[in-house]
Amino acid sequence: MAFIDTILKTPSYGWMDEHGALIKPSNRQIFSEFFTRINVFQSRKHWLSALSWLWLVLLIPFLYLFIFEYFTWPLLLTGFVYSMVLMGTHGTIWYHRYCTHQAYVFKNKFWRFITQHLVIKMVPEETYVISHHVHHTKSDEPGDPYNAQGGWLYCFLADVNHQPVADDLNEKDYAGVVGLLQHTGIKCNSYAQYQKWGSVAHPVNTIAVWIFNWAFWYAAFYLIGGHALACTLFAGALIWAFGVRTFNYEGHGKGKDKRQMGVDFDWKNRSVNQYWPGIVAGEWHNNHHLFPRSARAGFLNHQVDFAWYYIYFLYRIGAVKSFNNSTEQFYKNYYTPYRESLKARVHS
């Protein structure tokens, strides 16, 4: 089997049937897989999946305090902007364009560290990056860890059911997985440590980074606006963390082909450009699938791309030393020919 076919842990219900078609598990099968894979008493190799959902549980009290103790309309607006725009854009900047696709290069580790911790940490790099490489290779096909054709729940619980790194890789394949993560700055396990923990990241390092990040941001928010602001923004992080788990379901047409001529230009998969994720997070998803290594995805004039603005700002001040920008190639290969074909139809 090819490397990309082996690096994710196969769910108990499998990826495809004997005819090569996507297996669509029942909700009961999905929940059963989920609760098995977060059970650290069954296996310590489940620690990373359990931790990512523990983070969500720990944020519930902040949401309660915001609603019943600190609620005001200005705070609601602040939390909304933080959740949708700041956290959404950071996800695109850090996890998507840098960690996965290496669309730009930092000048040094300092600016990488600053960018990594721009917001409250809610997603382990390992969970996002490795599975996203598979997603691009197998988009909307069996083996795509968040195949929208599997249904909403299939995508929503994918971080536990479909995205974890396989825990039985040989040493060569494990080295290949490490190679996909080393540039992110996370401390990677040795092969012997991987065999013990079933992950690239070590629990001690991961938990230490998480504690540092949350402590720093709670203290910063408290100094700016007291417990009210801190609880509001941590509640916003919770909302974002739930919402981001549904993105690929929406971004791939909810399992249907919703692409539009002149709006979407990549016809090799079912990704679509949508205004809301595009404007608030720079996630023009069809454009991104067309040019995944581009630091810019908002190619057209109306396609706002806050993630690109941040990357370009860092470039202007010397914090980013290089980047890929596929705007010119997009116009040359796709948009200009499309516009010319429309003119030809009018005059024919």
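First things first, this report covers the structure right here in the doc. These figures come from a predicted structure and were not determined experimentally.

Procedures and definitions
Residues numbered from 1 in each chain as written. Predicted model: local features only at pLDDT ≥ 70, side-chain atom pairs only at ≥ 80, totals over all residues. Heavy atoms only, no water. Core = buried A, V, L, I, M, F, W, Y, C linked by side-chain atoms within 4.5 Å. Buried < 20%, exposed > 50% of the residue type's maximum accessible area, 1.4 Å probe, protein only. Contact = heavy atoms within 4.5 Å. Helix = DSSP H or I, 4+ residues; strand = E, 2+ residues; numbered from the N terminus. Arc of directions from axis to C-beta. Polar contact = N/O pair within 3.5 Å; in protein donor to acceptor, adjacent residues only side chain to side chain. Salt bridge = Lys/Arg side-chain N within 4 Å of Asp/Glu carboxyl O. Axes fitted to C-alpha atoms, helices over the stretch in contact; angles between N-to-C directions. Parallel < 35°, antiparallel > 145°, perpendicular 65-115°, else oblique. Left-handed = near helix turned anticlockwise from the far one by under 90°. Nonpolar A, V, L, I, M, F, W, Y, C, P; charged D, E, K, R; others polar.

On to the nonpolar core, then. In terms of nonpolar packing, the biggest core is built from 76 residues, with Tyr104, Ile120, Met122 and Phe221 touching the most fellow members. Non-local contacts of Phe221, meaning those with residues more than four positions away in its chain, are made with Tyr82, Ile120, Gly226, Leu229, Ala230, Leu233 and Phe234. Counting eight residues, the second-largest nonpolar core is a separate cluster that includes Phe265, Phe291, Tyr335 and Tyr338.

Take unusual backbone geometry next. The phi dihedral of Gln102 falls on the positive side, at around 50°, and the residue is not glycine. Relative to the helices and strands, Gln102 is located in the loop between helix H4 (73-100) and strand E1 (104-106).

Next up on the list: the environment of Val81. Among the structural elements, Val81 can be located in helix H4. On the basis of relative accessibility, which here comes to 36%, the residue Val81 falls in the partly exposed class.

Below, the discussion takes up helix H9 (residues 171-179). Owing to its 3.6 residues per turn, the α-helix brings residues three or four apart onto one side. All of the buried residues in H9 are Asp173, Tyr174, Val177 and Val178. Viewed end-on, H9 has its buried residues packed into an arc of 150°, placing them on one side of the element. Looking at the buried side of H9, the elements it contacts are helix H1 (3-6), helix H6 (125-137) and helix H10 (191-197). In this structure Asn170 caps H9, since a side-chain oxygen of it lies 3.1 Å from the backbone nitrogen of Lys172.

It is worth spelling out the pattern of salt bridges at this point. Applying the stated criterion across every chain yields a total of nine salt bridges. Between Lys138 and Asp5 there is a salt bridge; the shortest N-O distance is 2.5 Å. With Lys138 in the loop between H6 and helix H7 (152-156) and Asp5 in helix H1, the pair connects residues that are 133 residues apart, well separated along the chain. According to the relative accessible area criterion, Lys138 is buried, its value standing at 15%. Classification of Asp5 as partly exposed rests on a relative accessible area of 29%.

Across the interface, H4 lies against H6 with an axial gap of 10 Å and an inter-helix angle of 60°. Put simply, H4 runs oblique to H6. Every pair of crossing elements has a handedness; the one defined by H4 and H6 is right-handed. Two secondary-structure elements touch here, H4 through Trp94, Tyr95, His96, Cys99 and Thr100 and H6 through Glu125, Tyr128, Val129, His132, His133 and His136. Class assignment of the residues belonging to the contact of H4 with H6 gives a composition of five nonpolar, five polar and one charged.

Residue placement: Tyr315 occurs in helix H15 (residues 306-316). As for Tyr315 and Val105, which are separated by 210 residues in sequence, their C-alpha atoms are 9.3 Å apart. For Tyr315, the residues in contact, after removing those within four places along its chain, are Val320, Lys321, Ser322 and Phe323.

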